[in-house]
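The lines below spell out each chain.
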Amino acid sequence: MIFTSRRSFLQMAAAMGAAAAWGEPFATRSKVSWHERRDLYSEGVASGDPESDSVLLWTRRAPKPDSIVDRLHVEVAEDESFNRVVATTEAQISEAADWTCRVLAGGLKPARVYWYRFTDVKGNGSRVGRTITAPAGDDARPVRFAFVSCQNANQGAQNAYRRMIFEDERAAEENRLGFVLHLGDFIYEIVWYPEDRPQGMYDRRLRDIVRYEHGEKIRDFHIPTDVGDYRAVYRSYLHDPDLQDARARWPFVCMWDNHEFSWIGWQSLQQFGGVNHPAQTRKVAANQAFFEYQPARLYKPSGPTLSQFDPPKVVDAPISHFDENGLGQEPNNLTAIRSLRGYRALRWGHNMELIITDQRSYRSEEPTYRPEAHAFMSSNFPGFIPEEVLDVLDAGRSHNGGHPPATIEYGGTEIANFRKDQPPTTLLGAEQKAWFLDRLQKSKATWKIWGNTVATLDMRADPQNLPRGLTSAWPGAGYAGFDASSGAGDHSTAYVERGEIYDFVRDHGITGFATVAGDRHSFWAGVAAKSLPPKEFEPVGVAFVTGSISAPGVVEAFEHALSREHPLRSLFVGQGPQDAQPQPTINLLLKRGVQSCLEYVRSGDILKARALSNPDLSPHVSFVDMGGHGYAVVHVTSDSLETEFVCIPRPLERSERADGGPLRYRTRHRANLWRKGERPKLELKIVEGDPRFSV
Ligand SMILES: [Fe+2]
């Protein structure tokens with residue numbers, strides 16, 4: 001929102017019960033005797049959701065046994081020394097919000113760097129934070145931002161942020177990041193206590209970062225059960241020095257994915273061992289902790305106050321009735337998922353609108369997580385499900401024009417179609433989808449960036465081309481997709497919904513449509529198409545996925561979990577004759593096909609391997625790395641979009657180097673703005689390193 005006057009801003013702020021600071025036209029020197037006491041603000045400072053004239057500021061000041069602080073002085077300045085303070089206010093903090101503090105700073109100038117800090121009555125101050133407002137609506141300057149996802153402080157180090165800070169500090173001013181888009185898994189609610197898993201996780205040692213006071217132990221891990229537990233895990237993550245420095249350097253725009261609530265969470269259900277458990281109280285608790293720890297412009301029905309969440313009362317009641325969009329009608333479910341609305345749109349000048357959606361709170365159940373789906377999987381083909389099976393399961397009762405088959409063939413056997421009476425899979429839900437399509441259509445920005453927490457690019461293999469005798473016969477008719485636990489179960493297998501969105505983009509002549517996503521723990525660059533050969537291939541946009549900041553990916557998992565004797569090991573973590581270590585041949589599998597993998601393992605010759613590409617397998621993919629970690633940077637101008645992947649080695653331990661450690665590679669993926677009716681295209685440039693299995 002744009003505030004045209006101090007009065008309208010303050011009226012709005014009063015209605016929100018928000019501590020609001022209004023930028024004054026004349027800057028003055030700070031009158032506060034601030035001295036830094038970072039130890040009293042252990043979770044650091046943050047800012048979020050910048051607009052062209054305002055931004056949210058955040059800190060937490062926990063009480064000490066001998067003193068409770070319930071009021072903080074907030075200053076916003078044009079300089080780091082606070083000689084030119086432009087806005088001040090007093091903010092209340094209280095136990096009701098776990099001593100966290102959100103302040104809306106308004107009346108700011110567009111596209112400007114500001115500095116902010118919090119100070120108590122005794123002069124004990126937070127560290128100084130830096131934030132940046134968005135360019136104004138008609139400003140055609142380029143926009144640059146990073147997008148990230150999946151940081152796991154229980155299992156790894158956040159070196160990617162150190163690298164991001166190092167590069168940004170040294171960049172020319174026009175090449176600095178305007179903000180960081182965090183696409184979820186900011187926390188992992190699933191925590192392994194070191195003693196429960198002495199062997200660690202894959203290559204990782206487990207860190208003792210949090211103990212849940214009221215946690216529940218499932219198998220060998222622990223999950224939060226109430227708001228105190230969810231708060232505890234946010235606090236433990238914010239004690240990471242690299243994450244804390246990143247939050248102090250840039251405004252963050254955050255959206256939750258699954259792990260902010262629950263691993264296999266959908267709506268307010270949790271799923272463990274294939275069984276759904278109603279968890280309305282936990283969904284509300286997860287939303288409350290998100291509200292408290294992530295400064296963001298979110299809507300909550302309890303009112304617009306920023307000071308506290310006011311959780312609605314819910315009980316964990318069974319959810320048995322779902323409407324025609326798969327939305328559970330149980331009243332506590334509806335109350336819980338509506339207790340915080342995360343989807344929203346933000347604008348950066350003339351060139352960019354960021355439309356962020358929520359893929360977890362309104363989604364229907366993921367078909368491949370159903371126990372019935374196991375009948376379509378085989379340990380001979382780890383993670384593979386025939387595409388024609390995924391297609392039937394996704395479409396449910398809408399398959400074949402409303403005439404779904406009663407059974408589906410798999411390896412010569414007819415298996416019951418357990419989805420035949422259910423609606424097609426949705427990740428957005430009807431209400432959010434309508435909002436999303438409306439925003440897309442109305443956006444006047446050059447680039448419409450869809451901030452989708454989950455990936456949209458098909459993850460595909462061609463086991464039908466395996467030589468006979470290598471393993472059992474492929475039970476599918478043609479290509480294979482993947483199940484949710486192998487990385488799909490996202491918008492890449494929600495064919496009906498994705499098709500609806502892409503058809504809308506095409507039919508409305510929407511150009512500059514680009515998707516940025518996380519969740520898959522891998523880097524992907526490609527074009528957005530609703531179907532692949534032998535069906536029609538008609539790209540309507542470009543799409544990217546960023547590698548995880550630190551959570552393990554499937555290459556690491558396969559290295560540990562796939563037997564050395566598995567007949568298809570070459571397709572996942574194969575080794576050429578000269579290789580001392582397993583290589584990420586799964587990248588070849590997904591981009592080029594099985595023949596390329598087998599050739600690589602035979603000869604170790606990557607050029608020979610590439611020459612055996614199956615051109616129909618993945619014409620939509622220009623780059624894929626299932627083993628990469630790091631972050632991605634998007635740079636948009638009036639006529640182009642460029643995404644850079646910055647890939648670091650597996651972040652097993654914290655790097656003590658100022659640059660966060662070495663790089664594995666840096667690649668750039670550029671699209672020129674296409675006109676209506678033209679096909680979007682991506683050009684790849686390898687800037688440093690050699691991601692030879694990925695290109
Ligand atoms: Fe993740």
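Throughout this document, residue positions are counted from 1 along each chain, in the order its sequence is written. This being a predicted model, a pLDDT of at least 70 is required before a residue's local features are given, and a value of 80 or more before pairs of side-chain atoms are given or counted; all residues contribute to the totals for chains, interfaces and linings. Water and hydrogen atoms play no part in the side-chain values, which are based on all heavy atoms of the structure.

K.L.:
An account of the overall build of the chain is requested, with residue identities and associated values reported.
P.N.:
Only DSSP runs of H or I reaching four residues or more are called helices, and only runs of E reaching two or more are called strands; each is numbered from the N terminus. The number of helices and strands found in the chain is 15 helices and 32 strands. The C-alpha atoms of the chain give 25 Å as radius of gyration, which agrees with the globular expectation for 695 residues (26 Å, within 12%). Taken over the C-alpha atoms alone, the chain extends approximately 80 × 55 × 55 Å along its principal axes. Computed with the Shrake-Rupley method and a 1.4 Å probe, the accessible areas treat only the protein chains shown as cover for residues. Of the roughly 25,300 Å² that the chain leaves accessible, carbon and sulfur atoms contribute 50%. Charge-centre separation for the chain: the mean point of 82 positive side chains lies 4 Å from the mean point of 89 negative side chains. Values of the radius of gyration come from C-alpha atoms, whereas the globule rule sets the reference at 2.2 Å times the count of residues to the power 0.38. Neither His nor the chain termini are counted; the positive set is Lys and Arg, and the negative set is Asp and Glu. To locate a charge, take atom NZ for lysine, CZ for arginine, CG for aspartate or CD for glutamate.

K.L.:
Help me get a handle on helix H2 (residues 159-170), residues and values and all.
P.N.:
One less than the number of residues in a helix, times 1.5 Å, gives the span that helix is expected to have. The end-to-end C-alpha distance of H2 is 17 Å, a good match for the 16 Å that twelve residues give at a rise of 1.5 Å each. H2 sits mainly inside the fold: nine of its twelve residues count as buried. Note on exposure labels: buried denotes an accessible area under 20% of the residue type's maximum, exposed denotes more than 50%, and partly exposed covers the range between, all computed with a 1.4 Å probe on protein chains only. For H2, every residue scored as buried is listed here: Asn159, Ala160, Tyr161, Arg162, Arg163, Met164, Ile165, Glu167 and Asp168.

K.L.:
Report on helix H4 (residues 241-249), specifying residues and quantitative values.
P.N.:
Burial analysis of H4 places seven of its nine residues in the buried class, the great majority of the element. Taken together, the buried positions of H4 are Asp242, Leu243, Gln244, Ala246, Arg247, Ala248 and Arg249. Between N or O atoms, a polar contact is any pair within 3.5 Å; within protein, one atom must be a potential hydrogen donor and the other a potential acceptor, and residues adjacent in sequence are included only when both atoms are from side chains. The N-terminus of H4 is capped by Asp240, whose side-chain oxygen sits 2.9 Å from the backbone nitrogen of Asp242.

K.L.:
Now, about the coordination of the iron ion: what can you tell me, with residues and values included?
P.N.:
Reference geometry at the metal: tetrahedral coordination by four donors gives ideal angles of 109.5 degrees; octahedral coordination by six donors gives 90 or 180 degrees. Within the first shell, the iron ion binds the protein through Cys150 (SG), Asp185 (OD), Tyr188 (OH) and His521 (NE2), at distances of 2.1 to 2.5 Å. Taken together, the four donor atoms coordinating the iron ion span angles of 82 to 176° at the metal, a pattern that classifies the geometry as irregular. Each metal's donors comprise the N, O and S atoms found within 2.8 Å of it (within 3.2 Å for Na, K or Ca). Water is not part of the atom list, so some coordination spheres may appear incomplete. Ordering the donors of the iron ion by residue number gives the pattern C-x34-D-x2-Y-x332-H. Highlighted residues: Cys150 in the loop between strand E11 (143-148) and H2 and Tyr188 in the loop between strand E12 (179-182) and strand E13 (216-218), separated in sequence by 38 residues. Angle rules define the geometry names used: all angles between 85 and 135 degrees makes four donors tetrahedral, while opposite donors over 155 degrees apart and all other angles between 65 and 115 make four donors square planar and six octahedral, leaving every other case irregular.

K.L.:
So, the packing of helix H9 (residues 430-442) against helix H10 (residues 495-507): which residues are in play, and what are the values?
P.N.:
In this analysis an axis means a line fitted to C-alpha atoms, helices contributing only their contacting stretch, and an angle means the value between N-to-C directions, from 0 to 180 degrees. It is the contact of H9 with H10, at a shortest axis distance of 10 Å, that shows an interaxial angle of 25°. In terms of orientation, H9 and H10 fall into the roughly parallel class. H10 is crossed by H9, and the crossing has right-handed handedness. Two secondary-structure elements touch here, H9 through Lys433, Phe436, Leu437, Leu440 and Gln441 and H10 through Glu497, Glu500, Ile501, Phe504 and Val505. Every angle not falling under 35 degrees, over 145, or within 65 to 115 is termed oblique; those three ranges are roughly parallel, roughly antiparallel and roughly perpendicular. Left-handed describes a crossing in which the near helix is turned anticlockwise from the far one by less than a right angle; the clockwise case is right-handed. By definition in these notes, contact holds between two residues if any of their heavy atoms fall within 4.5 Å.

K.L.:
An account of the nonpolar core is needed here, citing residue identities and associated values.
P.N.:
The nonpolar core is taken to be a set of buried Ala, Val, Leu, Ile, Met, Phe, Trp, Tyr and Cys residues, with the residues joined through side-chain atoms within 4.5 Å. Counting residues in hydrophobic clusters, the biggest one holds 92 residues, and the most contacted among them are Phe147, Met164, Leu181, Trp348, Met352, Leu354 and Ile449. When residues of this core are assigned to their parent elements, the largest contribution, seven residues, is made by helix H5 (residues 280-293). When near neighbours in sequence (up to four residues on either side) are disregarded, Trp348 contacts Pro50, Ala134, Pro135, Val143, Phe179, Val253 and Leu354. By size, the runner-up hydrophobic cluster in this structure holds 37 residues, among which are Phe381, Leu457, Leu562 and Ile606.

K.L.:
Can you explain the sheet that holds strand E28 (residues 621-625)? Please cite residues and give values.
P.N.:
With mixed pairing, seven strands are arranged side by side in an open sheet as E18-E19-E23-E25-E27-E26-E28. The open sheet has two edge strands, strand E18 (344-348) and E28, and neither has a second partner. Across the sheet, the mean angle from the axis of one strand to that of its neighbour is 20°, orientation sign disregarded. Following DSSP output, two strands are said to pair if at least two bridges run between them. By the bridge criterion, six bridges tie strand E19 (residues 352-357) to strand E23 (residues 447-452) in an arrangement that is parallel. Within the sheet, the bridge partner assigned to Leu354 lies in E23 and is Ile449. Packed onto the sheet, H9 meets E18, E19, E23 and strand E25 (513-517) and runs at close to 175° relative to E19.

That's the geometry; what it means functionally is another story.
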